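# Summary of the model geometry
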Amino acid sequence: MKFLMGNANRRLYLRLRAGFLFALGATLIGCNHAASQPPVVSLELKSSSFSGDMIPKTSSSCDSQDGASPELSWTAPPSGTQSFALVVFDKDSPFGFKFTHWVLYDIPPDKRELLENTPKQDQLPDGSRQGKNDYDRIGYVGPCPPKGTHHYVFTVYALDTKLNLPPGASKKQVVKAMNGHVLASGELVGRFQH
């Protein structure tokens with residue numbers, strides 16, 4: 001019996017050791033792969049519409065029809081930028097997922113600002129296209145949390161391509177199309193309390 005227990009312990013030790021070595025190898029390969037990828041540059045994203053980090057009531061869908069999108073501006077992107085995309089979501093949504101409030105893509109590469117109250121149109125005069133938010137509507141829809149303070153994440157992406165998706169694309173479609181094309185990104189988090 002002692003001999004059998006010794007073999008069982010030895011087999012367990014060898015399995016654990018093999019698993020550890022496999023995990024270590026995968027981690028090292030992953031680190032080397034990540035090291036070979038170019039780092040994503042940071043853009044500074046800011047809003048003159050915010051009061052500190054508070055989203056104004058005019059941007060709320062509770063206090064005005066769908067709300068007016070805030071003014072947003074960002075710093076110059078890296079060379080090779082062909083377009084920008086913007087995604088806005090509520091990270092404190094009670095629905096169990098990040099509730100999308102705005103999807104905008106194919107923003108021209110020379111653009112550095114979105115004016116307050118961007119029209120809720122499929123395609124803007126500059127060629128930018130708007131996707132559907134989680135209310136299944138085109139354009140920006142403002143915060144209207146049921147209770148408490150919610151955090152709304154605004155993220156702008158500098159891309160090495162135009163996405164050329166039709167107007168009305170979902171956040172999921174935009175994120176999938178951006179995969180492998182992000183040169184830089186910037187994030188701004190605004191708070192809103194109803």
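Rules of the game
- Position numbers for residues start from 1 in each chain and track the written sequence from start to end.
- Confidence filtering applies because this is a predicted model: local features only for residues at pLDDT of at least 70, side-chain atom pairs given and counted only at 80 or more, and all residues used for totals across whole chains, interfaces and linings.
- Here the side-chain values reflect all heavy atoms present in the structure, with hydrogen atoms and water set aside.
- The way it works is a 1 Å grid over only the protein atoms, where trapped points that fit a 1.4 Å probe form a cavity and open points with protein on both sides within 12 Å along at least five of seven lines form a pocket, and then any residue with an atom within 4 Å of a point lines it.
- Grid points are joined across faces, edges and corners, and a volume is the space filled by probe spheres set on the points.
- Under this grouping Gly is polar, as are all residues other than the nonpolar Ala, Val, Leu, Ile, Met, Phe, Trp, Tyr, Cys and Pro and the charged Asp, Glu, Lys and Arg.
- For two strands to be treated as a pair, DSSP must find at least two bridges joining them.
- Each helix is a run of H or I in the DSSP string that is no shorter than four residues. Each strand is a run of E no shorter than two, and both are numbered from the N terminus.
- The contact criterion used is simple: two residues touch if any of their non-hydrogen atoms lie within 4.5 Å.
- Where helices are involved, their axes are fitted lines through C-alpha atoms of the stretch in contact, as for all axes, and angles between N-to-C directions lie from 0 to 180°.
- Per-residue accessibility, obtained with a 1.4 Å probe over protein chains only, is compared with the maximum for each type, and a residue is labelled buried under 20%, exposed over 50%, and partly exposed between these values.

Space inside the second largest pocket adds up to approximately 150 Å³. What lines the second largest pocket is simply Lys111, Glu113, Leu114, Leu115, Glu116, Asn117, Thr118, Pro119, Leu124, Pro125 and Asp126. The residue makeup of the lining of the second largest pocket, split by class, is five nonpolar, two polar and four charged.

We now examine the sheet that holds strand 5 (residues 99-107). Strand order in this open sheet of six strands is 1-9-8-4-5-7, and the pairing throughout is mixed. Of all strands in the sheet, those bounded by a partner on one side alone are strand 1 (41-42) and strand 7 (129-130). Where strand 4 (residues 83-90) lies against strand 8 (residues 149-159), eight bridges are found, and the strand directions are antiparallel. Bridging from a neighbouring strand, aspartate 90 pairs with tyrosine 152 of strand 8. Contacting strand 4, strand 5, strand 8 and strand 9 (182-193), helix 2 (residues 171-178) runs over the sheet at an angle of about 45 degrees to strand 5.

Our focus in this paragraph is the sheet that holds strand 2 (residues 45-46). Reading across the sheet, the three strands line up as 2-3-6 and stay open at both edges, with antiparallel pairing between neighbours. Each edge of the open sheet is held by one strand with a lone partner, namely strand 2 and strand 6 (113-114). Pairing analysis gives two bridges linking strand 2 to strand 3 (residues 72-74), with the strands arranged antiparallel. Bridge pairing in strand 3 links leucine 45 to tryptophan 74.

The side chains of a regular strand alternate between the sheet's two faces. Of all eleven residues in strand 8, nine are buried; the element is thus mostly enclosed. Sheet topology note: the strand 8/strand 9 ladder contains eleven bridges and is antiparallel. Paired with tyrosine 152 across the two strands is glycine 190, which belongs to strand 9.

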